[in-house]
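Architecture and fold: a report
The chain contents come next:
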Amino acid sequence: MIYDRYIDKIYKFVYLKTSNREVAEDIVSDVFMSAINNISSFSLEQGSSVSSWLYRIANNKVIDFYRSNKETLDICEYLDYSVEKDISQEIDNKNKLEEVLSFLDTIKSDHKQIVLYRIWYDLSYKEISDLT
C-alpha cells in the first residue's frame, strides 16, 4: 500500500534531482527497499508521517548517489521542463520558469530548497520540517 501510494511522488522527487530516468528508477528502488528493511523502526508515534520518512530516505539516497559519483547536487541544474504542444505557450512557460529560477538564485540555498519542497514537490509544511 505504501509503495502504491507514494511511488509517483518519490519518483518525481528523485527524477527532478537526477534528470536521468534510469538513475531515478534505481534510486527509487533503493528507497523502497530501504523502507521495507527498516519499517520496524518507523513509528507514527514519533510524530513523523510516512511520506516525510520516505522523502528523507529518498533525499539521503540521492545525496549518497552524488557522493559516490563525485558529482555536486544542485537541484536547479536538474529541473525538468515538459514540452508543450503549443509553441507560444512553451516559450511563455520557459520565460516564466527562467524568471522563477533567477529569483531562486537570489535567496539562500536552504531557503531555496524549502521553496522547492513546498512548490515543486507539493510537500506539506510538516513534511518539509521533518525533511529538513
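Provided above is the structure to which this section pertains.
Residues numbered from 1 in each chain as written. Predicted model: local features only at pLDDT ≥ 70, side-chain atom pairs only at ≥ 80, totals over all residues. Heavy atoms only, no water.

Here we look at helix α2 (residues 21–37)
The terminal C-alpha atoms of α2 lie 24 Å apart, and with 17 residues this matches the ideal 24 Å at 1.5 Å per residue to within 8%. V23, A24, I27, V28, V31, F32, S34 and A35 are the residues of α2 that are buried. One side of α2 holds all its buried residues, which, seen down the axis, span an arc of 160°. Those residues of α2 that are exposed and aimed more than 90 degrees away from the buried face are D26, I36 and N37. In this structure, the buried residues of α2 make contact with α1 (2–18) and α3 (50–68). Between the side-chain oxygen of the N-cap and the backbone nitrogen of E22 there are 3.0 Å, and the N-cap of α2 in question is N20. (Helix = DSSP H or I, 4+ residues; strand = E, 2+ residues; numbered from the N terminus. Expected span 1.5 Å × (residues − 1). Buried < 20%, exposed > 50% of the residue type's maximum accessible area, 1.4 Å probe, protein only. Arc of directions from axis to C-beta. Contact = heavy atoms within 4.5 Å. Polar contact = N/O pair within 3.5 Å; in protein donor to acceptor, adjacent residues only side chain to side chain.)

Quick word on the nonpolar core
Counting residues in each nonpolar core, the largest one holds 27 residues, and the members touching the most others are I10, V14, V31, F32 and L54. For this core, the secondary-structure elements that each account for two or more residues are α1, α2, α3 and α6 (125–131). Here the element with the most residues in this core is α3; it accounts for eight residues. When residues no more than four places from it in sequence are discounted, the contact partners of V14 are A24, I27, V28, A58 and V62. (Core = buried A, V, L, I, M, F, W, Y, C linked by side-chain atoms within 4.5 Å.)

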